[in-house]
Amino acid sequence: MKFKYTGIWLLFASALLLITVISFAGDISIFGIKVKKAPIAEKLTEKYLTTEEKAAQDSIRSRILEEKSKPQENPVDTAPQSFLIFGDSMTQNLALRLAAYARQNGHTIHTVNWDSSGTRIWSQCDTLDNLIARYHPSFIFVSLGSNELYIRHLDKYREYVRTILAKIDTIPYVWIGPPNWKPDEGIGDMLREETAPGCYFSSAGIELPRKRDQIHPTRDGAAIWFDSIARWIPKSAHPIRLLTPADSIVASTKLKHTNIVYLKALH
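I will try to describe carefully the structure that is included in this document. Here the structure is a predicted model, which is why all the values come from computation and not from measurement. Position numbers for residues start from 1 in each chain and track the written sequence from start to end. Reporting in this predicted model follows two pLDDT cut-offs: at least 70 for local features of residues, and 80 or more for side-chain atom pairs to be given and counted; totals over whole chains, interfaces and linings ignore these cut-offs and use all residues. Hydrogens and waters are ignored; side-chain quantities use all the structure's heavy atoms.

## Re the packing of aromatic side chains
Part 1 of the reasoning: Any Phe, Tyr or Trp ring, taking Trp's six-membered ring, that has another such ring centre within 6.5 Å forms a pair; planes under 30 degrees apart are called stacked, those over 60 apart edge-to-face, and the others tilted. Within the structure shown, the criterion is met by 9 aromatic pairs.
Part 2 of the reasoning: Aromatic side chains Trp114 and Trp122 sit 5.0 Å apart centroid to centroid with 75° between the ring planes, which places their arrangement in the edge-to-face category. The same class applies to Trp114 and to Trp122, which are both buried.
Part 3 of the reasoning: Members of the aromatic cluster, each reached through a chain of ring pairs, are Phe83, Tyr101, Phe139, Phe141 and Phe226. Type-normalised accessible area, obtained with a 1.4 Å probe on protein chains alone, sets the label of each residue: buried when under 20%, exposed when over 50%, and partly exposed for intermediate values.

## Observations concerning unusual backbone geometry
Part 1 of the reasoning: Phi at His136 takes a positive value of approximately 50°, unusual for a residue other than glycine.
Part 2 of the reasoning: Here His136 lies in the loop between α6 (127–135) and β5 (139–143).
Part 3 of the reasoning: Judged by its relative accessible area of 59%, His136 falls in the exposed class.
Part 4 of the reasoning: Its identity is not glycine, yet Asp169 carries a phi of approximately 60°, on the positive side. Numbering goes from the N terminus for both helices and strands, where a helix is a DSSP run of H or I of at least four residues and a strand is a run of E of at least two.

## Considerations on the environment of Pro75
Part 1 of the reasoning: By the element assignment, Pro75 lies in the loop between α3 (51–68) and β3 (82–87).
Part 2 of the reasoning: Taking relative accessible area as the criterion, Pro75 reaches 69% and is therefore assigned exposed.

Okay, structure coming up:
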């Protein structure tokens, strides 16, 4: 009887060994789709920091974040802009409000809403490259990070963000941070660290009306959200003309004015 479960335990041990070995391997694709691996390798190879080392590291990060959060003093660019706003499922309602600002101020807008997407997907495909080549935006809004709110080990995600920023290159941009519904595990600070000074808008702490899932802002909530961004823009690295849209403009702005493209994320 004592050997009754030996086979089962050997099966579990073999599976665990296989998962561990795979976690150390490079990217694995099945039928062109990259397999998401368990973070075992990251945990086993994670560098141990003493209390003093961690405190010193946290102090450096705090100074970097403080420096990057300082208001910028740059002249407002009053020229008509060609907006590209892209990102996850938070993007659509943000784009509706941005479209009203665009119509009020003589800008144009193109929107790409990719449900369930995150920095990994956008960095590993050529979608953003193609969008930039197609629309030639003069200003980009990035709305990514909400689907990575609970990620703790962010080293790989830091590389994904850097790849996205390299694709954007010299085009003026604002990275709109996720509208936290619960405290994140570091994605907000990481995004602020990786973006240029005056190019990251932190959405954490903004009270927004949300849908039944208590995650996605309602259309009115997204309007409040983008209004906050518009008020901050004069202090950003790239101030642009964003006068508050008139009620008549808001009332007449519908989905067709956002030029929305919907994509489905690969898992």
